[in-house]
Amino acid sequence: MSAAGSGGGADGAATDDANGSSSPPAAKRTAVLIFNPVSGTGDGEADLKAILAVLEREVTVHVVQTTADCEPGDLARTALDEYAPDVVIASGGDGTVGAVASALIGREGVVLGVIPRGTANALSAALGIPTELTDAAQVCLSSNSWTIDVGRCNGVPFLLLVGIGYEADVVQTADREMKRKYGPLAYMFSAGQRALEHTTFEVHYTATADDGSELVGTMPGVAAVTAANAAPWSSVLAQGLGEPVPDDGLLEVMAYTPETGLDMASTVANVFFSAVGLGGSPDEQPVNVHGGKARKVKLACTPPQKVVLDGEMVGETPVEIELERGAVRLLVDSPELQAAREHDYKERLMEALADKGETVLEKVQHGAASIGSTVKGVFTDNTDEDIEAQVEAEVREDEQSRNDAEAEKATAESK
Ligand SMILES: Nc1ncnc2c1ncn2[C@@H]1O[C@H](COP(=O)(O)OP(=O)(O)OP(=O)(O)O)[C@@H](O)[C@H]1O
């Protein structure tokens, strides 16, 4: 993840000049915090308290809470006019963050801070924003910024990607109930389920390359198309050419033409494994993955397909997608802080493993068994109650066998 440049520094303390006389404290910077109280699965009230405890040390914060029927972008635009802030901070899921980011397009001098609290937090993962609440709040006080491109799909701004067909079905299947139950795994379950049941369509495309040349054609048998500005590893289909670059002025456009449901599932799995470094190089694409970089792309589908924009359903094809270069300035970790955080995380992980390696391994195996049966449940027609009963039974069985093993060991030792 590359992040460079600098934004406004934070300082609010009194300063001494060369004569030793004290000058008045510099005015505190002003921040607007657009806060979604219901996003994710955490406690909104407690989260807000923890965030303000960090931010208010250095900036004056105006909190604007979102509501069910109010567009967060409109709230941000009103707050920009009312408070003329230096920083606008979006705290919520990807929907909230994307909408607030779009309100900052063309507002030079105002930087975007992000405190992720959603289910998937794909945006933060793609842009290298810390997932821990107070770490992310701390980054909002920093002076490191990264100027990134913003996409537009039929005029509507997006930061990550446009998904057509399969990708849109996956998002629609992972509804709030499923996300509440399974967290980020909801997307994996729904991805597996939809891969087996996917349908195909014909895509008519006009892609404009970086040199202005145009590629026009029709592709039959397509199950999914993605056009990405940025994407985290979990947006598997956007990784066909390697991780998209959010500041290169280009979209990564991918199309998938699987023969069967299993073919689709294994293609998704292959791209996923190579994206996380466990498979072949992304250059060795499976034969049913096609793609390239484009400055702009027009797509029409027969029959028309659903379209998802940064995780939100927005309608149907046809679409015209292009990028606005360097449209938003985002506050990010300094490379040093990012490295220190990663180092610290790895150290703690290694310590925990050295301390109780066996227990950790057992827990992982136990978790995998529960997930396995949940996936099986989702793929078959079991009801939610069936799945929960199945998972509970496996957990009980697992605990019982562990207790038996411990009892056996204790008996053996006492002899
Ligand atoms: N005060 C509120 N009460 C109820 N719903 C709200 C409120 N504020 C926002 N919403 C709803 O929250 C949704 C946006 O959620 P957001 O994207 O922030 O988080 P999420 O859906 O939990 O996370 P993710 O996008 O990562 O899955 C919108 O549908 C909006 O209507």
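Our subject in this report is the structure included herewith.

Parameters and conventions
Residues numbered from 1 in each chain as written. Predicted model: local features only at pLDDT ≥ 70, side-chain atom pairs only at ≥ 80, totals over all residues. Heavy atoms only, no water. Helix = DSSP H or I, 4+ residues; strand = E, 2+ residues; numbered from the N terminus. Buried < 20%, exposed > 50% of the residue type's maximum accessible area, 1.4 Å probe, protein only. Areas by Shrake-Rupley, 256 points an atom, 1.4 Å probe, with all protein chains shown as cover. Near = heavy atom within 4 Å. Polar contact = N/O pair within 3.5 Å; in protein donor to acceptor, adjacent residues only side chain to side chain. Nonpolar A, V, L, I, M, F, W, Y, C, P; charged D, E, K, R; others polar. Expected span 1.5 Å × (residues − 1). Arc of directions from axis to C-beta. Salt bridge = Lys/Arg side-chain N within 4 Å of Asp/Glu carboxyl O. Pairing = 2+ DSSP bridges. Right-handed = clockwise from strand over helix to strand, strands pointing away. Contact = heavy atoms within 4.5 Å. Axes fitted to C-alpha atoms, helices over the stretch in contact; angles between N-to-C directions. Parallel < 35°, antiparallel > 145°, perpendicular 65-115°, else oblique. Left-handed = near helix turned anticlockwise from the far one by under 90°.

1. Brief notes about the overall build of the protein chain
- Looking only at helices and strands, one finds eleven helices and 18 strands in the protein chain.
- Across the 415 residues that make up the protein chain, the buried fraction comes to 44%.
- Total accessible area on the protein chain is roughly 20800 Å²; 52% of this is exposed by carbon and sulfur atoms.

2. Quick look at the site of the ligand
- Of all residues adjacent to the ligand, which total 20 residues, the nearest are G40, T66, A68, G93 and T96.
- Within the contact set of the ligand, an oxygen atom lies 2.8 Å away from a backbone nitrogen or oxygen of G40.
- T66 places a side-chain nitrogen or oxygen 2.8 Å from a nitrogen atom of the ligand.
- Summarising the interface, the protein chains cover 75% of the accessible area of the ligand, which totals 650 Å² for the free molecule.
- Among the secondary structure elements, those contributing two or more residues to the shell around the ligand are α3 (94-103) and α7 (176-182).
- Element by element, the count of residues in the shell around the ligand is highest for α3, at three residues.
- Taken together, the residues of the shell around the ligand sort by class into five nonpolar, twelve polar and three charged.

3. Some points on the environment of T134
- Relative to the elements of secondary structure, T134 occurs in helix α5 (residues 133-139).
- For T134, a relative accessible area of 31% puts it in the partly exposed group.
- Taking the C-alpha atoms as reference, T134 lies 8.4 Å from I115; in sequence the two are 19 residues apart.

4. A look at helix α1 (residues 44-55)
- Relative to the 16 Å expected for twelve residues at 1.5 Å per residue, α1 spans 16 Å between its end C-alpha atoms, a close match to the ideal helical length.
- The complete set of buried residues in α1 reads G44, D47, L48, I51, L52, V54 and L55. The arc enclosing the buried residues of α1, seen along the axis, measures out at 155°, which places them on a common side. Of the residues in α1, the exposed ones pointing more than 90 degrees away from the buried face are E45 and K49.

5. Re the pattern of salt bridges
- For the coordinates displayed, the defined rule picks out ten salt bridges.
- We note a salt bridge from R107 to D81, for which the minimum N-O separation is 3.4 Å. Taken as a pair, R107 in the loop between α3 and β6 (111-116) and D81 in helix α2 (residues 72-83) lie far apart in primary sequence, 26 residues in all.
- In this structure R107 comes out as partly exposed when scored by relative accessible area, which is 30%.
- Taking relative accessible area as the criterion, D81 reaches 58% and is therefore assigned exposed.
- Between K306 and D169 there is a salt bridge, and its shortest N-O distance comes to 3.0 Å. Linking K306 in strand β16 (residues 306-309) with D169 in helix α6 (residues 166-173), this pair joins segments that are 137 residues apart in sequence.

6. A few points about the pairing of β6
- Most of β6 sits inside the fold, with six of its six residues counted as buried.
- Both faces of β6 are covered, namely the face carrying V111, G113 and I115 and the face carrying L112, V114 and P116.
- Taken together, the six bridges between strand β5 (residues 87-92) and β6 define a ladder with parallel strand orientation. Across the sheet, S91 pairs through a bridge with I115, a residue of β6.
- Chirality of the crossover, the property in question, places the unit of β5, α3 and β6 among those that are right-handed.

7. Topic: α2
- With twelve residues, α2 ought to run about 16 Å at 1.5 Å a step, and its terminal C-alpha atoms sit 16 Å apart, in line with that.
- Of the positions making up α2, those classed as buried are P72, G73, L75, A76, A79 and L80. Viewed end-on, α2 has its buried residues packed into an arc of 155°, placing them on one side of the element. Summarising the geometry of α2, the exposed residues directed more than 90 degrees from the buried face are D81 and E82.
- Buried-residue contacts for α2 involve β3 (29-35), β4 (59-65), β5 and α3.
- Sitting at the amino-terminal end of α2 is E71, which places a side-chain oxygen 3.1 Å from the backbone nitrogen of G73.

8. Considerations on the environment of A137
- Positionally, A137 belongs in helix α5.
- A137 sits 82 residues away from L55 along the chain, and the two C-alpha atoms are 6.5 Å apart.
- Those residues in contact with A137 that lie beyond four places of it in its chain are I51, V54, L55 and I115.

9. Observations concerning unusual backbone geometry
- For the bond running from T302 to P303, omega is -10°, close enough to zero to count as cis.
- Tracing the chain through its elements places P303 in the loop between β15 (296-302) and β16.
- Omega for the peptide link from T317 to P318 comes to 10°, which places this bond in the cis form.
- Relative to the elements of secondary structure, P318 occurs in the loop between β17 (312-316) and β18 (319-331).

10. Details of the packing of α2 against α3
- Between α2 and α3, the shortest axis-to-axis distance is 7 Å and the interhelical angle comes to 40°. As the angle between them shows, α2 and α3 are arranged oblique. Here α2 and α3 pass one another in a crossing that is right-handed. Along its contact with α2, which presents P72, G73, A76, R77 and L80, the element α3 presents T96, A99, V100, S102 and A103.
- Residues that form the contact of α2 with α3 fall into these classes: six nonpolar, three polar and one charged.

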